[in-house]
Amino acid sequence: MDYSKQTYQERAEQTPNALTKRLFSLMAEKKTNLCLSIDVTTVKEILALADKLGPYICVLKTHVDIIEDFTYSFTQSLLELAIKHNFLIFEDRKFADIGNTVKSQYGGGIYRIADWASITNCHTLPGPGIIDGLRSIGKSRGNGLLLLAEMSSADNLFSSEYTHKTVALALENRDFVFGFISQHKLTDKADFVYMTPGVNLSTNSDSLGQTYNTPETAVGVNGADVIIVGRAIYNSPDPVSCAVKYRNAGWNAYSLRTSR
Ligand code: BMP
């Protein structure tokens, strides 16, 4: 069945995956499919933006290794905001190494990502061992993994064969893999979550190869469940009204898609 026409609430009720259930439920409750990509570089900026924009987002996506004044206590403050505003934290780490190495990168080091980010992602280039390594750290904590199946950057090297093999890996590892970073909905076979970066209402590229679609294209045409928006919101002079604009655009596209 084509579940892109089902509501988030219906998909929350059907899925056996606790993290997917939590995400779709909070999206339905808050009426938002907006993930804020918070790529600013100081703890103060991140926490201030997360507190202001938290009510309008379902997921907050971080790049923890760009934070200049990172301390582990920052992650605890972020978790408090995630509870206060009911959003999930996604560390966009894009792991890409052998299973044994990603275990240490995910669970250890100064970031200890697995302790505070319920969502992370990886490339599938190394093969299934990367998923096994990440699962061995994340599954017992209730975390979930997204596989990078397509990217938004121009002339990227993701072939359709690579994308298909990535989907196959996801299907074989559904106990831990709950979705994709992709530009399209990739299968009707399973209830995966599709998160799509490269979303902007006013431009279709940047100067370094990023390409953008509108929320209408990403959600309405290409079947994304969650839109990921960064600079368009945090560089705006009024991030709150801008986040509301993207939240409404994403939600309207979803409402149209599910009512067709
Ligand atoms: P922006 O909206 O400012 O272009 O940011 C997009 C965000 O999504 C960045 O954090 C980037 O690392 C991430 N991203 C992307 O742009 N394209 C992809 O294919 C995968 C990503 O994770």
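Please refer to the structure placed before this passage.
The residue numbering used here restarts from 1 in each chain and proceeds along that chain's sequence as written. Per-residue local features are limited, in this predicted model, to residues with pLDDT of at least 70; the limit for side-chain atom pairs, both in listing and counting, is 80 or more; totals at the level of whole chains, interfaces and linings are taken over all residues. To get the side-chain values, take all heavy atoms of the structure and skip hydrogens and water.

### Considering the pattern of salt bridges
Where we set the bar: Here, a salt bridge means any side-chain nitrogen of Lys or Arg that lies within 4 Å of a carboxyl oxygen of Asp or Glu. Here a strand is any run of E in DSSP of at least two residues, a helix any run of H or I of at least four, and the numbering for each starts at the N terminus. With a 1.4 Å probe rolled over the protein chains alone, any residue whose accessible area is under 20% of its type maximum counts as buried; one over 50% counts as exposed, and the rest are partly exposed.
Overall, the coordinates contain 14 salt bridges when judged by the stated rule. The residue Arg135 makes a salt bridge to Asp132 at a minimum N-O spacing of 2.8 Å. Residue Arg135 and its partner Asp132 are both found in helix α6 (residues 129–138); the two are separated by three residues, about one turn of the helix. What makes Asp132 partly exposed here is its relative accessible area of 40%. Its relative accessible area of 18% is what places Arg135 among the buried residues. Taken together, the shared-partner salt bridges in this structure form one network comprising Arg11, Asp191, Asp225 and Arg257.

### Brief notes about the packing of helix α3 (residues 43–53) against helix α10 (residues 239–259)
Applicable threshold: Note on definitions: angles span 0 to 180 degrees between N-to-C directions of axes, and those axes are lines fitted to C-alpha atoms, for helices only across the stretch in contact. For this classification, under 35 degrees means roughly parallel, over 145 means roughly antiparallel, 65 to 115 means roughly perpendicular, and everything else is oblique. A clockwise turn of the near helix away from the far one marks a right-handed crossing, whereas an anticlockwise turn of less than a right angle marks a left-handed crossing. The contact criterion used is simple: two residues touch if any of their non-hydrogen atoms lie within 4.5 Å. Each residue is assigned to one of three groups, with Ala, Val, Leu, Ile, Met, Phe, Trp, Tyr, Cys and Pro labelled nonpolar, Asp, Glu, Lys and Arg labelled charged, and all others, Gly among them, labelled polar.
The interhelical angle for the contact between α3 and α10, taken along N-to-C directions, is 50°, at an axis separation of 10 Å. Of the possible angle classes, the one that applies to α3 and α10 is oblique. The crossing of α3 and α10 is right-handed. Across the interface between the two elements, Leu49, Lys52 and Leu53 from α3 touch Pro239, Val240 and Ala243 from α10. Taken together, the residues that form the contact of α3 with α10 break down as five nonpolar, no polar and one charged.

### With respect to the nonpolar core
Under the convention used in this document: What we call a nonpolar core is a set of buried Ala, Val, Leu, Ile, Met, Phe, Trp, Tyr and Cys residues that are connected through their side-chain atoms within 4.5 Å.
Core analysis: the largest hydrophobic core is formed by 82 residues, its most contacted members being Leu23, Leu134, Leu147, Met195 and Ile233. If we skip the residues at most four places from it in the chain, Leu147 touches Cys122, Thr124, Ile131, Thr166, Leu169, Ala170, Val177, Gly179, Phe180 and Ile181.

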